[in-house]
Amino acid sequence: MHSMANHLDLPRADAEALLAIPKAAPEQEWELLSGGKIEKWRLAVGVITQDGEYRKALAVELLCLKSQKPFRECYKFSLFRTEFGTPRRAYQLDTTSLPLCDPGDHDWPHEHVGHDRISLGEGTYPDTFEAALDHFSRRANIVFEGPPQSPFAFHLQRQ
């Protein structure tokens, strides 16, 4: 689920400065990466700031994964800043409808702000697409035009 796996993390201070700037993400379609037992969707879009200081350098990637056994949805929502052709992670929310581990484990719902990884408290992590998008939008200071609906809900409507 790491399409930008070779990213580098920004230093925390740079990431925080970037998060402080209000941003907008234009409407964009989901793309199906894989169907079958594990359904995987991706929405990637360039991000705009009011005075355009990061023209073409900012991008958001929303990854949604759904498995049937056990039934769970996973969300990995990221904000990247490209520097010299390399995406650098400023912020990432990594959460799920059903954590299959204990709060101390690496896979427990968490967020990354630059280099720092912050575990989300039990009972406070977002566990639906809408809650995850809301959390991500607030933390990353982004308004999604549209805004995107869960690709799983969207998929049902289209059939």
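Residues numbered from 1 in each chain as written. Predicted model: local features only at pLDDT ≥ 70, side-chain atom pairs only at ≥ 80, totals over all residues. Heavy atoms only, no water.

**Quick word on helix α2 (residues 129–140)**
Inference 1: If you check α2, its first and last C-alpha atoms are 16 Å apart, about what 12 residues at 1.5 Å a residue would give, namely 16 Å.
Inference 2: The complete set of buried residues in α2 reads F129, A132, L133, H135, F136, S137 and A140.
Inference 3: Note on α2: the residue one or two positions beyond its end, N141, has a positive phi of about 60°. (Helix = DSSP H or I, 4+ residues; strand = E, 2+ residues; numbered from the N terminus. Expected span 1.5 Å × (residues − 1). Buried < 20%, exposed > 50% of the residue type's maximum accessible area, 1.4 Å probe, protein only.)

**Some thoughts on the packing of aromatic side chains**
Inference 1: For the coordinates displayed, the defined rule picks out eight aromatic pairs.
Inference 2: Between F77 and F136, the ring centres sit 5.9 Å apart and the planes meet at 80°, which makes this aromatic pair edge-to-face. Here F136 lies in helix α2 and F77 lies in strand β7 (residues 72–83), a separation of 59 residues in the sequence. Each member of the pair F77 and F136 is classed as buried.
Inference 3: Taken together, a centroid distance of 6.3 Å and an interplanar angle of 40° make the contact between F136 and F144 tilted. For the pair shown, F136 and F144 are each scored as buried.
Inference 4: Cluster of aromatic residues (ring-pair linked, three or more members): W30, Y75, F77, Y91, F129, F136 and F144. (Phe/Tyr/Trp six-rings, centres within 6.5 Å; stacked < 30°, edge-to-face > 60°.)

**As for a negative patch on the surface**
Inference 1: Together, D102, D105, D107 and E122 give the surface a local cluster of negative charge.
Inference 2: Position of D107 among the secondary structure elements: in the loop between β8 (86–96) and β9 (110–113).
Inference 3: Assessed through its relative accessible area of 60%, D107 is described here as exposed. (Patch = residues over 30% accessible without salt bridge, like charges linked within 9 Å, V, L, I, M, F, W, Y side chains within 5 Å. Areas by Shrake-Rupley, 256 points an atom, 1.4 Å probe, with all protein chains shown as cover. Salt bridge = Lys/Arg side-chain N within 4 Å of Asp/Glu carboxyl O. Lys, Arg positive; Asp, Glu negative; His and termini not counted. Charge placed at Lys NZ, Arg CZ, Asp CG, Glu CD.)

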